[in-house]
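Read off the chains here:
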Amino acid sequence: MNPRAQTTQDWIQGFVWRLELSGGPNILKLCGCLLGFVILAVCFNWRVNHGFSNPEAMESAQLGRRLAAGAGYTTYSIRPSTLGLLERADPEREPETQARSVPDLNIAPGYPIVLAGVMKILPFNFAANPNTIRSYQPESLIIGFNDFLFFLSILLLFNLAKRLFDSEVAWISAIIFAGSEIYWKFSASGLSTMWLLVIVLAVARCLIALEEREREEPEASRGGSIALAIVVGALVGIGGLSRYSLAWLVIPVLLFIGVFLKRRRAGMLFATLLAFALVMTPWIARNFKISETPFGMAGYSILENTRPYEEDRVERSIDPFAAGLSHLTPRDIVNKLIVNEGKMLKNDFPRLGGNWVWSFFLCSLLIPIKHEGSRRLRYFLIGSLALLAIVQPLGQTHLSLDAPEINSENLLILVAPLILVFGVGFFLTLLDQIEFPTLRIRRGVAMLFAGAMFAPLALELAGPGDEEAPSAYAPFYIQRTAELMHPNELMMSDIPWAVAWYGNRPCAWLTVSTASSFEELDRRAPVHAIYLTQRTSDRPLFSRILANRHSWEYFEYNSLPETVWPQGAVPPGFRLTNAPPGYRPSQLFISDEVRWKTAASR
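Report on the accompanying structure.

What counts, and at which threshold
Residues numbered from 1 in each chain as written. Predicted model: local features only at pLDDT ≥ 70, side-chain atom pairs only at ≥ 80, totals over all residues. Heavy atoms only, no water. Helix = DSSP H or I, 4+ residues; strand = E, 2+ residues; numbered from the N terminus. Contact = heavy atoms within 4.5 Å. Core = buried A, V, L, I, M, F, W, Y, C linked by side-chain atoms within 4.5 Å. Buried < 20%, exposed > 50% of the residue type's maximum accessible area, 1.4 Å probe, protein only. Pairing = 2+ DSSP bridges. Right-handed = clockwise from strand over helix to strand, strands pointing away. Patch = residues over 30% accessible without salt bridge, like charges linked within 9 Å, V, L, I, M, F, W, Y side chains within 5 Å. Areas by Shrake-Rupley, 256 points an atom, 1.4 Å probe, with all protein chains shown as cover. Salt bridge = Lys/Arg side-chain N within 4 Å of Asp/Glu carboxyl O. Axes fitted to C-alpha atoms, helices over the stretch in contact; angles between N-to-C directions. Parallel < 35°, antiparallel > 145°, perpendicular 65-115°, else oblique. Nonpolar A, V, L, I, M, F, W, Y, C, P; charged D, E, K, R; others polar.

### A short note on the environment of leucine 457
Now for step 1: Looking at where leucine 457 falls in the secondary structure, it is placed in helix α19 (residues 439-462).
Now for step 2: Considered as a pair, leucine 457 and alanine 178 are 279 residues apart in the sequence and their alpha carbons are 9.7 Å apart.
Now for step 3: Non-local contacts of leucine 457, meaning those with residues more than four positions away in its chain, are made with Leu40, Phe44, Ala178, Gly179, Glu181 and Trp184.

Below you can see the structure in the form of structure tokens.
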């Protein structure tokens, strides 16, 4: 044999031997899984993803952009309620509309801070491409980052399932999780869900490590257990700062430590609670300082969708509580809980996680689990489900009405992966009761089960695909409209989150009406232009027009050209009168001056 060929062969054999000693097969499996995940992500985003459509996704993105630009936690999406809250907290405060002066009091800061870091690292280009309708490079990068978080959560779930059960449960759980269509939709939505999934799974993994340490290592050092308890508390605090409602998770965490961890219980409870408080308290203090509320307007979400506060009236009013609170009764809150709880039981629970494994989890509750750590984590999961089943319906707002499934208020989706693990474990336990001729056939049945859970995503990708419907969210056209405004001028729109994200201009939410509520906002912060889109024109116009002649639907209808509507123009006495051609009939842009000629010359 050629000496050089012999040397090459020896090197390859040595490399393979070293690879096996250093866990090489696991590395190769990880690389193979990563490659498969990347292919799946590319296919899904190419076939299904059409850019952001969720208002809170755009809110978080524009907050991240402001943070990355050094403007602090200030917003360009300005709610009238925020201005009113700031004014009540400090009557001497001047109502300012520049983003550097309007702190955000609605969106929890955790995820926007993460996005700001991503924007500092990756090459974001915020100029929209005029040749594409919905494609927007910054959104593609954010979705790619969420896909990375999705893959990280799959690894965490695999590790957790392997620790609680065995490798087979871990593989089947990871495959079903990776093939759940609903999680791919959340990843493509731009919401904070994938970030929170990583946090929730990390909390569960740390609880299991803490439980095993206290149960199996009686001589283990006290410092290690306290350190783990601190990590758990900090993770729950980070989750609470990423979505305020998730802070309730600290209750089942403290119960888990207090009930199941007998040794050093007091020290670990104190460490967990202290870490949680240290993470949450500075932000609560910031909110108290500027608004005299712990969570800003987000703390009033329990009032939304009650009888006095239908839809998004709370956020669109300067002082929503001036008259409404006198009509609010405890029965209204109870009714909200009952109605939303009924919807959850009919819609959310039966298809929790986007597959059928929820039913296997329910059946698993009827049999005991021998492994003590698995049994204790199941109690933690049941407690978390019971708590979130109350927190979620009480905290639901207009966001859940706009997007009933893919929204930031869907908390149950965050614990669904843990339900998946226990459901798969129970299914494989049932499978073990059947005598198969060979082990290969049994494994084939298990993979067939995983394939059945994967089928909805596969059919979605293999189908003809949906044509992209006309939408108000066209980045280039929104940017072009926003450029008609000077940086410090205030626009008002029915899509202020999109104007803030795509157009990088301050934009107020539509007030409740064109009459007194608009005048209240205009008096505090002059509105220089109004931009109405399909979000208003596609609503049931005639029913709203007949119900309220001061509605924005009536305003838009009344502003149609004379060839369509004889009255023409805007309502008599309205301050904004200049409207450029090219927007109507589906949209309307009206300004205090002729801006489009000067914009064309810039």
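There is more to say after this.
### Some points on the nonpolar core
Now for step 1: In this structure, Phe52, Ile142, Ile176, Leu385, Val424, Phe449 and Trp501 are the most contacted members of the largest nonpolar core, which totals 140 residues.
Now for step 2: Residues within four places of tryptophan 501 in sequence aside, it is in contact with Phe52, Met58, Ala61, Gln62, Arg65, Met119, Phe126, Tyr136, Pro138, Glu139 and Ile142.
Now for step 3: If you look at the next biggest cluster of nonpolar residues, it comprises 18 residues, including Ile318, Ile530, Phe574 and Leu576.

### Brief notes about the pairing of strand β2 (residues 490-493)
Now for step 1: Because side chains alternate across β2, one face comprises the buried residues Leu490 and Met492, and the other comprises Met491 and Ser493, equally buried.
Now for step 2: As paired elements, β2 and strand β4 (residues 527-532) share 4 bridges and run parallel to each other. Within the sheet, the bridge partner assigned to methionine 492 lies in β4 and is isoleucine 530.
Now for step 3: Pairing analysis gives 3 bridges linking β2 to strand β3 (residues 507-509), with the strands arranged parallel. Residue pairing for β3: methionine 491 is matched across the bridge by cysteine 507.
Now for step 4: Taking the sense of rotation as the criterion, the β-α-β connection linking β2, helix α21 (residues 496-503) and β3 turns out right-handed.

### Points about a nonpolar patch on the surface
Now for step 1: On the surface, Leu30, Phe148, Leu152 and Leu155 cluster together into a nonpolar patch covering about 330 Å² of accessible area.
Now for step 2: With 3 residues, helix α6 (residues 137-164) is the single largest residue contributor to the nonpolar patch.
Now for step 3: Looking at where phenylalanine 148 falls in the secondary structure, it is placed in helix α6.
Now for step 4: Given a relative accessible area of 48%, phenylalanine 148 falls into the partly exposed group.

### Notes on the pairing of β4
The two faces of a sheet get side chains in turn, since along a regular strand they alternate between them.
Now for step 1: For β4, the buried fraction is high: 5 of the 6 residues fall into the buried class.
Now for step 2: As defined by bridge partners, β4 adjoins strand β5 (residues 588-591) across 4 bridges and the pair is classed as antiparallel. Among the inter-strand pairings, isoleucine 530 is bridged to a residue of β5, identified as isoleucine 590.

### Points about the packing of helix α9 (residues 193-216) against helix α11 (residues 250-260)
Now for step 1: Taken N-terminus to C-terminus, the directions of α9 and α11 make an angle of 10°; their axes are 11 Å apart at the nearest point. In terms of orientation, α9 and α11 fall into the roughly parallel class. Between α9 and α11, the residues in contact are Val203, Leu207, Leu210 and Glu211 and Val253, Phe256 and Ile257, respectively.
Now for step 2: The residue makeup of the contact of α9 with α11, split by class, is 6 nonpolar, no polar and 1 charged.

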